[in-house]
Amino acid sequence: MKHNCVKRYLIPAGICVLVILGILYYYFFSAMLHSGSATQYVYIDNDDNIDSVYAKLEPICAPQALNGFRTLTRHSSYDEHVKSGRYAIKPGQGAFVVFRHLKNGMQEPVNLTIPSVRTLERLSAEVCKRLMMDSTQLLQALRDPKICAHYGYDTATIQCMFIPNTYDIYWNVSTEKLLDRMQKESKNFWDVDRTVKAKELKLSPVQVITLASIVDEETANNAEKPMVAGMYYNRLMLRNAEYPNGMPLQADPTIKYAWQQFGLKRIYNKLLYIDSPYNTYRNTGLPPGPIRIPSVEGIEAVLNLKKHDYLYMCAKEDFSGTHNFARTYSEHMANAAKYTKALNQRGIK
């Protein structure tokens, strides 16, 4: 009799427990995303509040899971401490897991690729496409002499700190934290091996990057870059009666940079007289800083430049993107005549 009485109460109690567990699972642990969805990312910025967070979740979340998320937020202080960031919601994750990630700021980093671009404006714009940061804010920092000096650069060389690799960066990173990270990555890049090679060339890392930027502008052919680097290095180091301070680099890409006209196809003599520290026809030595963020291949080409005795080069007349090299000016002029003829035949001005 007693056994039947206990059984009579245990069965309903067990059913109640199962129902409660089922409800808990349904609202808090069943998949947050709609069935069949791939990983989704929710971007929460500094202006978001609890209502805008709900609005961003609603299109991608199952109704019952979103209701579970709302319940969790109502019984916490999350609405008073919404944390910005890029948050991943993965298939199978329930409202409880998603809530915990958002509440604790457990965000997913973005893959930020530093682009090989010519100007600070373009660098800021491209970087901030992947971040919450305003591009104007980053550009102002890169143009601020005090900020540049803090990292060991000036406004002409600050882009040397940006090594064009891909990094895991939090979407809501501050300008200061981003620059700190770039400085750290730059120091990591300039390891013992690369530093020794630069010293052997009697160049600083900034000078290596500046020369690499010219090499990158001269050719997209990675196999030829050590040859081009060797040619410019020969000019840079040449000292004789004719060139007591070194031979001018006479690099056409620096003229384009000085004029800020990167689409020029031909460099005419009238363009060579611009009064600019980047005019390597008028000034000897390297320009004040790089004329673009060079590729890693360009930097490696300088550090491992081809040793030869060429002093001149001219684009090949077959428009292959490679060059004819010459030891003497007369040989160079013959190569230049062939290239000029090819330009004229194609009507390139």
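What you are looking at is a predicted structure, and each value in this text was computed from that prediction instead of being measured.

### Brief notes about the packing of aromatic side chains
Part 1 of the argument: If you walk through the whole model with that rule in mind, you get 11 aromatic pairs.
Part 2 of the argument: With 5.1 Å between their ring centres and 70° between their planes, Tyr-43 and Trp-171 make a pair best called edge-to-face. On the criterion of sequence distance, the pair formed by Tyr-43 in strand β1 (residues 40–44) and Trp-171 in the loop between β4 (166–169) and α8 (175–189) is long-range, its members being 128 residues apart.
Part 3 of the argument: Residue class for Tyr-43 comes out partly exposed when judged on its relative accessible area of 31%.
Part 4 of the argument: By relative accessible area, Trp-171 is classed as buried at 11%.
Part 5 of the argument: Relative to Trp-190, the ring of Phe-189 has its centre 5.7 Å away and its plane inclined at 85°; by these criteria the two rings are edge-to-face.
Part 6 of the argument: Exposure remark for Trp-190: the relative accessible area of 11% places this residue in the buried category.
Part 7 of the argument: The rings of Tyr-54, Phe-69, Tyr-78 and Phe-99 are connected pair by pair, giving a single aromatic cluster.
Part 8 of the argument: The ring of Tyr-41 has Arg-86 lying over it, and the distance from NZ or CZ to the ring centre is 3.9 Å.

### Focus: the nonpolar core
Part 1 of the argument: Ile-114, Leu-123, Leu-131, Phe-162, Leu-178, Trp-190 and Tyr-232 are the most contacted members of the largest nonpolar core, which totals 65 residues.
Part 2 of the argument: For this core, the element with the most residues is helix α11 (residues 225–237), which contributes 7 residues.
Part 3 of the argument: Residue contributions to this core reach at least three from each of two domains, namely domain 2 (110–189) and domain 3 (192–308).
Part 4 of the argument: Residues within four places of Ile-114 in sequence aside, it is in contact with Leu-123, Val-127, Phe-162, Ile-163, Pro-164, Asn-165, Tyr-167, Met-182 and Ile-293.
Part 5 of the argument: In this structure, Leu-33, Val-53, Ala-65 and Ile-89 belong to the second largest nonpolar core, which totals 23 residues.

### A few points about the domain arrangement of the protein
Part 1 of the argument: Here the protein is described as being made up of domain 1 (27–104), domain 2 (110–189) and domain 3 (192–308).
Part 2 of the argument: Placing a centre on the C-alpha atoms of domain 1 and another on those of domain 3 gives a separation of 52 Å.

### Brief notes about the packing of helix α10 (residues 205–218) against helix α13 (residues 296–303)
Part 1 of the argument: In the contact formed by α10 and α13, the axes pass within 8 Å of each other and the chain directions differ by 115°. The orientation of α10 with respect to α13, classified from their angle, is roughly perpendicular. Two packed elements cross with a definite hand, and for α10 against α13 that hand is right-handed. Residues Val-208, Ile-209, Leu-211, Ala-212, Val-215 and Asp-216 of α10 form the contact with α13, whose participating residues are Gly-298, Ile-299, Val-302 and Leu-303.
Part 2 of the argument: Of the residues contributing to the contact of α10 with α13, the split by class is 8 nonpolar, 1 polar and 1 charged.

### Examining helix α6 (residues 135–142)
Part 1 of the argument: Along α6, the residues that are buried comprise Leu-138, Leu-139, Ala-141 and Leu-142. Seen along its axis, α6 keeps its buried residues to an arc of 160°; they face one direction.
Part 2 of the argument: Looking at the buried residues of α6, the elements they touch are α5 (120–128), α7 (145–150) and α8.

### Thoughts on the pattern of salt bridges
Part 1 of the argument: Applying the stated criterion to the full structure yields 12 salt bridges.
Part 2 of the argument: The shortest N-O distance in the salt bridge between Asp-191 and Arg-194 comes to 3.8 Å.

### Some points on unusual backbone geometry
Part 1 of the argument: For Gln-260, which is not a glycine, the phi torsion comes out positive at approximately 55°.
Part 2 of the argument: A positive phi angle is found at Phe-319, which is not glycine, with a value near 55°.
Part 3 of the argument: Structurally, the position occupied by Phe-319 is in the loop between β5 (312–315) and β6 (323–326).

### Notes on the UniProt feature "site: Important for catalytic activity" (unreviewed entry) in the protein
Part 1 of the argument: Per the UniProt record, "site: Important for catalytic activity" (unreviewed entry) is found at Glu-218.
Part 2 of the argument: Mapped onto the elements of the fold, Glu-218 is located in helix α10.
Part 3 of the argument: With relative accessibility at 19%, the residue Glu-218 sits in the buried group.
Part 4 of the argument: Among residues more than four places away in sequence, those in contact with Glu-218 are Val-228, Tyr-232, Ala-251, Asp-252, Pro-253, Met-313 and His-323.

### Some details on the side chain of Lys-225
Part 1 of the argument: Structurally, Lys-225 can be placed in helix α11.
Part 2 of the argument: Polar contacts involving the side chain of Lys-225 include one to the side chain of Asp-216, which spans 2.7 Å.
Part 3 of the argument: Setting aside anything within four residues of it in sequence, one finds Lys-225 in contact with Val-215, Asp-216, Thr-219, Ala-220, Ser-295, Glu-297, Gly-298 and Ala-301.

### Here we look at helix α12 (residues 252–259)
Part 1 of the argument: When we look at burial in α12, the residues that qualify are Pro-253, Thr-254, Ile-255, Tyr-257 and Ala-258.
Part 2 of the argument: Tucked inside the fold, the buried residues of α12 contact α10.
Part 3 of the argument: Of the residues one or two after α12, Gln-260 is the one with positive phi, at around 55°.

### With respect to the side chain of Ser-276
Part 1 of the argument: Topologically, Ser-276 is positioned in the loop between α12 and α13.
Part 2 of the argument: According to the relative accessible area criterion, Ser-276 is buried, its value standing at 10%.
Part 3 of the argument: Those residues in contact with Ser-276 that sit more than four places away from it in its chain are Ala-258 and Asn-283.

### Focus on the pairing of strand β2 (residues 85–89)
Part 1 of the argument: Burial analysis of β2 places 5 of its 5 residues in the buried class, which makes it a mostly covered element.
Part 2 of the argument: Across 5 bridges, β1 lies against β2 in antiparallel orientation. Each residue of the ladder has a partner; that of Tyr-43, found in β2, is Arg-86.

Rules of the game
Residues numbered from 1 in each chain as written. Predicted model: local features only at pLDDT ≥ 70, side-chain atom pairs only at ≥ 80, totals over all residues. Heavy atoms only, no water. Phe/Tyr/Trp six-rings, centres within 6.5 Å; stacked < 30°, edge-to-face > 60°. Helix = DSSP H or I, 4+ residues; strand = E, 2+ residues; numbered from the N terminus. Buried < 20%, exposed > 50% of the residue type's maximum accessible area, 1.4 Å probe, protein only. Lys NZ or Arg CZ within 6 Å of the ring centre and 35° of its normal. Core = buried A, V, L, I, M, F, W, Y, C linked by side-chain atoms within 4.5 Å. Domains from an automatic or database assignment. Contact = heavy atoms within 4.5 Å. Axes fitted to C-alpha atoms, helices over the stretch in contact; angles between N-to-C directions. Parallel < 35°, antiparallel > 145°, perpendicular 65-115°, else oblique. Left-handed = near helix turned anticlockwise from the far one by under 90°. Nonpolar A, V, L, I, M, F, W, Y, C, P; charged D, E, K, R; others polar. Arc of directions from axis to C-beta. Salt bridge = Lys/Arg side-chain N within 4 Å of Asp/Glu carboxyl O. UniProt positions renumbered as here; feature names shortened; annotations may be inferred. Polar contact = N/O pair within 3.5 Å; in protein donor to acceptor, adjacent residues only side chain to side chain. Pairing = 2+ DSSP bridges.

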